[in-house]
Amino acid sequence: MNRKIITLIFFIVFVLAFAKIILSAGLATTGANLAQLERERVKIAQENLNLEESIVELSSLARISIEANRLGFSKAGKIAALTPDLPIALHGLQ
Amino acid sequence: MSMTSWRYKTLQVIFLLCNLLVIFRLFYWQILSSPRLQALAESQHFTQEEIPARRGQILTSDSFPLVTNKQAFLVYGLLSQIKSEKNEIAAKIAEIINPEDPKAAKEELKDVLDKKDINWVPLARSVDRETKEKIEGLKISGIGFEEIAKRYYPEASMSAQMLGFVGRDANGREKGYFGIEGYYNRTLEGKPGFIKEERDATGQPILIGQSDSESEIAGRDLKLFIDRGMQFMVEDKLKKGIERFQAKAGLAVIMDPKTGAILTMSSFPNYDPLKYAVTDKSLFSNPVIGQTFEPGSIFKPLIMAAAINEKAIRPDDKCTRCDGPRQIGEYTINTWDGKFHPDSAMTDILVYSDNVGMVFVSEKLGGQKEIEYIKKFGIDEPTNIDLEGEMAATLRKEDEWVTIDFATASFGQGVAVTPIQMVRAISAIANGGELMEPHVVAQIKDQDKILETKPKVIRRVISPTTAKVVTEMMVAVAERGGKWDRPKGYRIAGKTGTAQIPIAGHYDKTKTVVSFVGFAPADNPRFVMLITLTEPALTWGSMTVAPVWFDISKSLLNYLKIPPSF
């Protein structure tokens, strides 16, 4: 009976030790995966920033003004303001 | 004692001494050297990195980034690892970083690479991504890159003096200087974070190891009242005006008179904020807030408003002393054109910009009241605008004023103002009598909340009735004061000014500062604008700055979609 208990204890210890080794090995590689994912996240975030930079550069008034000149746009000439006709009832008051 | 006993005791002593030695060494390594060894172990197993905080952006009213951040790189060399010929390396890198002058760049790089007493040397700062990739493509061993953030100005040097620039403080940390960058440095800079984690021999993080971190707090973004389209247009027209009239300098500032919001602020000459290190330091100061000038005739509406508010004069009163020059002590006050207008009405004094008439008004008002109102209009105090570098013009002490000082102050000579003080004072006439605090920043944007700038009334200066009366006088000036190409269908209030520049105790008649200040539409002003030109080729404001003012105002009225009123 004692021998069986001792054998069982050894077996449990062995299984736990083996499990710990497997878990630690897994965590070690997970650390590497995590670092890789972090690098990819940083890369994508940087690409987003680069695209935002490009948008800002292309929509600056300084650039648009130069492009407009190059494409042959010109400033508006006379600008007329259109005022709506007053209702007939108010014409008399006017 | 037997021989055996003697040997035994000797061995005992030797063993005891050896044990004591071991105990002492253990004590030394485990107790005395423990902190040092712990730190050494930590440095091998732990890495600590600072996470830099993103500096806040500065946005215009349409949320376009006037100032933002761009990815940049510091190129460095590790001299111990550079195997290739240094001359060749310098030549190749110089071609990439300075294609316009590769020879000069090569010489500088060669000097750096030839250093003997250090290993790490900086080769180029703030290079962009494309340049970095080109240098990387050379595959030179010993050349490395460190990523840094660089301030980026999509609209180039637009509003440079209002924005300020970002440099480095004594500790090498980023710091804003002048303008918005300086005033709001603490708000923009954020707080760096750090990450400290245990890593294995290959440098990978150990998930179940110890770690500590604090997230960085990004700097807060600022949204301005500045309208990007208006700013661009005003800068373009101001620059052309300066060139056309061959002025040495010029500035324009536009304010919403009802709220104190600064809609545009421009000055020339300006500079490129990215090249602050090689810029003449005298250009850093924003002349709108940091330089004073004698305003000349644009000051007259303030004195006129004071006299009407105090009921010292009425608008229909006649000037009984306007038939010739005025003698005050040893000084003679004359009109600008040598013409006199006897019995002119108060409005005509402004229309003709009559200095003799203004002396009459000043005498009716009284010296003490004149100083009181000049102070009430804010001329003796800073405006507290949210920009670094404001220099408030102040008046001399009251007991130092003599009769001639009151006379000359009435037409804007002998007093000094900054442009922002002047535009704020005229805004008090435009908005019905209240002095407003000017502001450039409309919102401070956090991750969680937005802080809005509310309009702030400093004090009431004149009554609404007085403001209306003086507005009508200024409308008469704009309509009758000169042959200008005014916007059709709008009532515009304005005043020209030509002030001689004091040089070495006397006024130089050939050197003037010309100004035009005004607001539109007169009945419900949407903007107050001041433009000044320094030392134009033609000395009179009505011939130079007034046409520039009206040209800009036409575009502004269209841009703001303000329909004509008649």
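The preceding data block contains the structure.
Residues numbered from 1 in each chain as written. Chains lettered and ligands numbered in written order. Predicted model: local features only at pLDDT ≥ 70, side-chain atom pairs only at ≥ 80, totals over all residues. Heavy atoms only, no water.

Asker: How would you sum up the packing of aromatic side chains? Please name residues and give values.
Answerer: Residues and elements named next belong to chain B. In total, this model carries 17 aromatic pairs over all chains according to the counting rule given. Taking NZ or CZ as reference, Lys-175 lies 4.6 Å from the ring centre of Tyr-177, over its face. Between the NZ or CZ atom of Arg-228 and the centre of the ring of Phe-64, over which it lies, the distance is 3.7 Å. (Phe/Tyr/Trp six-rings, centres within 6.5 Å; stacked < 30°, edge-to-face > 60°. Lys NZ or Arg CZ within 6 Å of the ring centre and 35° of its normal.)

Asker: Explain the sheet that holds strand S9 (residues 211-214) of chain B residue by residue, including any values.
Answerer: Residues and elements named next belong to chain B. One open sheet holds the 3 strands; their spatial order is S1-S8-S9, and the pairing between them is antiparallel. Every interior strand has two partners, whereas the edge strands, strand S1 (46-51) and S9, have only one. Mean inter-strand twist for the sheet, computed between neighbouring axes without regard to direction, equals 10°. Across 6 bridges, S1 lies against strand S8 (residues 193-198) in antiparallel orientation. Across the sheet, residue Phe-46 finds its bridge partner in S8, namely Glu-198. (Pairing = 2+ DSSP bridges. Helix = DSSP H or I, 4+ residues; strand = E, 2+ residues; numbered from the N terminus. Axes fitted to C-alpha atoms, helices over the stretch in contact; angles between N-to-C directions.)

Asker: Explain the side chain of Thr-498 of chain B residue by residue, including any values.
Answerer: Residues and elements named next belong to chain B. Mapping Thr-498 onto the fold places it in strand S19 (residues 493-503). When its relative accessible area of 19% is taken as the criterion, Thr-498 is described as buried. Excluding its chain neighbours within four sequence positions, the residues that come into contact with Thr-498 are Gly-296, Ser-297, Gln-413, Thr-512, Val-513, Val-514, Thr-539, Trp-540 and Gly-541. (Buried < 20%, exposed > 50% of the residue type's maximum accessible area, 1.4 Å probe, protein only. Contact = heavy atoms within 4.5 Å.)

Asker: Just give me the short version of helix H1 (residues 2-58) of chain A, but keep the residues and values in it.
Answerer: Residue pairs three or four apart in sequence face the same way in an α-helix, which turns once every 3.6 residues. Between its first and last C-alpha, H1 of chain A extends 83 Å over 57 residues, near the 84 Å set by a 1.5 Å rise per residue. All of the buried residues in H1 of chain A are Gly-31, Ala-35, Gln-46, Asn-50, Glu-53 and Val-56 of chain A. For H1 of chain A, the secondary structure elements touched by its buried residues are strand S3 (65-78), helix H5 (129-137) and strand S5 (143-152) of chain B. (Expected span 1.5 Å × (residues − 1).)

Asker: Tell me about the state of the cysteines, and name the residues and values.
Answerer: All names here are of chain B. Inspection of every chain in the model, using the stated rule, returns 1 disulfide over all chains. Across the disulfide, Cys-319 is cross-linked to Cys-322 (sulfur-sulfur distance 1.9 Å). Of note, the bridge from Cys-319 to Cys-322 carries an S-S torsion of about 90° and is right-handed in sense. Grouping residues by exposure puts Cys-319 and Cys-322 together as buried. (Disulfide = S-S within 2.5 Å.)

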